[in-house]
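The chain contents come next:
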Amino acid sequence: MRPPDPILLAAKRWLDILPTSGGIRRAQALLTTHTEFSDLTPTQYATALAWLNETGLLTSESSPAPSANQVLSAILEESAPPWVKDADALVHSPDELPSDLVTTGAVLGLNADGVYEQVVSSWGKVDTAARKRVGAAGEAALVSLLSDVPGSLVDHVAAWSDGFGYDISFTRGPSSAHLEVKSTTRSGRLSIYLSRHEYEVMLRDPCWILVAVRLTSDLEVSGVGSVPSSWLKDNAPHDASGIGRWESCKFEVPATVITGGIPQLGRQVAPDLPSW
């Protein structure tokens, strides 16, 4: 939960003073006795200190980040307003920031541009952490589902190498598939990141399939689908010259593009997979 404005201002002052004050006791004495800081009460300073401790900011006294950014990042990453996980789609400029966040920035001395820069930075951390956690869960869940298919051989290659350009190798009889897994916990949006290496493997490997795995908030599988390679090829960016080249691309995959299950694995496998 976002602390009230006086607590945020007090937290900022703690972070401003602590690195040069000689410790918490001396900083507390300064904050509670100096007229410059008398607009806030000792209780508010004490509450702010407790909040800093809860968020872990007291352990980053030597952080090079300005105190205002440290406080704002804690609000965005620790308190985690629901919209932050979709900030890349919801906020494209300082003008699109939520008004309460702009107000919070003003309390901390940040203008809208400064708040927007922190939102971009914090969203990147939140998104990267979430993608790593959800991605690992999706791969493990699909490996488990496919391993239950009688007669199948499943190798979770991503668990021991990131050089293949896909995550799971599946073989059953004469059929084989190389599955690149992209997982999500969102019900109405599929955003995927594809590396250049994965894309180039897709172009030359007829067994390569991009599989979408939808997970519940408890990271249980609720749906499996696949995205046609032809759609990825049609919507991938093109290098303007040999001097510059893209290395990673983000796709927003429309729901109408996703095929339920993994039809390429055959009729005997498809019924064992939850439909997308």
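Residues numbered from 1 in each chain as written. Predicted model: local features only at pLDDT ≥ 70, side-chain atom pairs only at ≥ 80, totals over all residues. Heavy atoms only, no water.

Novice: Requested: an account of unusual backbone geometry, with residues and values cited.
Specialist: With a phi close to 65 degrees, L219 is a non-glycine residue in the positive phi region. Positionally, L219 belongs in the loop between β5 (208-215) and β6 (221-227). (Helix = DSSP H or I, 4+ residues; strand = E, 2+ residues; numbered from the N terminus.)

Novice: Before we move on, can you summarise the nonpolar core with the specific residues and values?
Specialist: Side chains of a nonpolar character, in soluble globular proteins, are inclined to be buried together. Among the nonpolar cores identified, the biggest contains 35 residues, and W14, W51, L52, V71 and L72 are the most heavily contacted of them. Elements with a contribution of two residues or more to this core: α1 (5-21), α2 (24-33), α3 (42-55), α4 (67-79), α6 (99-108) and α7 (112-147). Top contributing element to this core by residue count: α1, with eight residues. Discounting chain neighbours no more than four positions away, the residues touching V71 are L8, A11, K12, L15, W51, L57 and L108. Membership of the second largest hydrophobic core comes to 21 residues, among which are V201, L232, A236 and C249. (Core = buried A, V, L, I, M, F, W, Y, C linked by side-chain atoms within 4.5 Å. Buried < 20%, exposed > 50% of the residue type's maximum accessible area, 1.4 Å probe, protein only. Contact = heavy atoms within 4.5 Å.)

Novice: Could you give an account of the sheet that holds strand β2 (residues 168-172), with specific residues and numbers?
Specialist: Here six strands make up an open sheet; going across it, the order is β1-β2-β3-β5-β6-β8 and the pairing mixed. At either margin of the open sheet sits one strand with a lone partner, and together these are β1 (152-155) and β8 (259-260). Pairing of strand β3 (residues 175-184) with β5, which is carried by seven bridges, proceeds in the parallel orientation. Bridge pairing in β5 links T184 to R214. Packed on one face of the sheet, α7 meets β1, β2, β3, β5 and β6 and runs near 145 degrees to β3. (Pairing = 2+ DSSP bridges. Axes fitted to C-alpha atoms, helices over the stretch in contact; angles between N-to-C directions.)

Novice: Tell me what's going on with the pairing of β2, and back it up with residues and numbers.
Specialist: Relative to β2, β1 runs antiparallel, the two being bridged by four bridges. Residue pairing across strands places L153 opposite T171, the latter belonging to β2. Pairing geometry for β2 and β3, over five bridges, is antiparallel. Its bridge partner lying in β3, I168 is registered against L179. Hairpin connection, β2 to β3: the antiparallel pair is bridged by two residues, and G173 has positive phi, about 60 degrees.

Novice: Describe the side chain of K12, naming the residues involved and giving the relevant values.
Specialist: Its place among the elements puts K12 in helix α1. If sequence neighbours within four positions are ignored, K12 has contacts with S67, A68, V71 and L108.

Novice: Tell me what's going on with the packing of aromatic side chains, and back it up with residues and numbers.
Specialist: Scanning the model with the defined rule gives four aromatic pairs in all. A ring pair is formed by F164 and Y166, whose centres lie 5.6 Å apart and whose planes are at 65 degrees; its orientation type is edge-to-face. Each ring, one from W231 and one from F251, has its centre 5.9 Å from the other, and the planes form 55 degrees; the classification is tilted. Of the two residues, W231 is situated in helix α9 (residues 229-235) and F251 in strand β7 (residues 248-253); the sequence distance between them amounts to 20 residues. Through a chain of ring-to-ring contacts, three or more aromatic side chains come together here, namely W160, F164 and Y166. For R131, the ring lying beneath its charged end belongs to Y193, and the centroid distance is 3.9 Å. The ring of W246 is capped by R196, whose NZ or CZ atom sits 5.0 Å from the centre of that ring. (Phe/Tyr/Trp six-rings, centres within 6.5 Å; stacked < 30°, edge-to-face > 60°. Lys NZ or Arg CZ within 6 Å of the ring centre and 35° of its normal.)

Novice: Break down the environment of S187 for me, with residues and values.
Specialist: Note that S187 resides in the loop between β3 and β4 (190-195). Given a relative accessible area of 66%, S187 falls into the exposed group. Sequence-wise, S187 and V120 are 67 residues apart; in three dimensions their C-alpha atoms are separated by 23 Å.

Novice: Outline the packing of α1 against α2, listing residues and values.
Specialist: How two helices sit against one another is set out by the angle between their axes and by the gap between those axes. One way to put it is that α1 packs onto α2 with a least axis distance of 9 Å and a crossing angle of 125 degrees. Relative to α2, the element α1 is oriented oblique. At the point where α1 passes α2, the crossing takes the right-handed sense. Along its contact with α1, which presents R13, W14, I17, L18 and S21, the element α2 presents I24, R26, A27, Q28, L30 and L31. Within the contact of α1 with α2, the residues separate by chemical class into seven nonpolar, two polar and two charged. (Parallel < 35°, antiparallel > 145°, perpendicular 65-115°, else oblique. Left-handed = near helix turned anticlockwise from the far one by under 90°. Nonpolar A, V, L, I, M, F, W, Y, C, P; charged D, E, K, R; others polar.)

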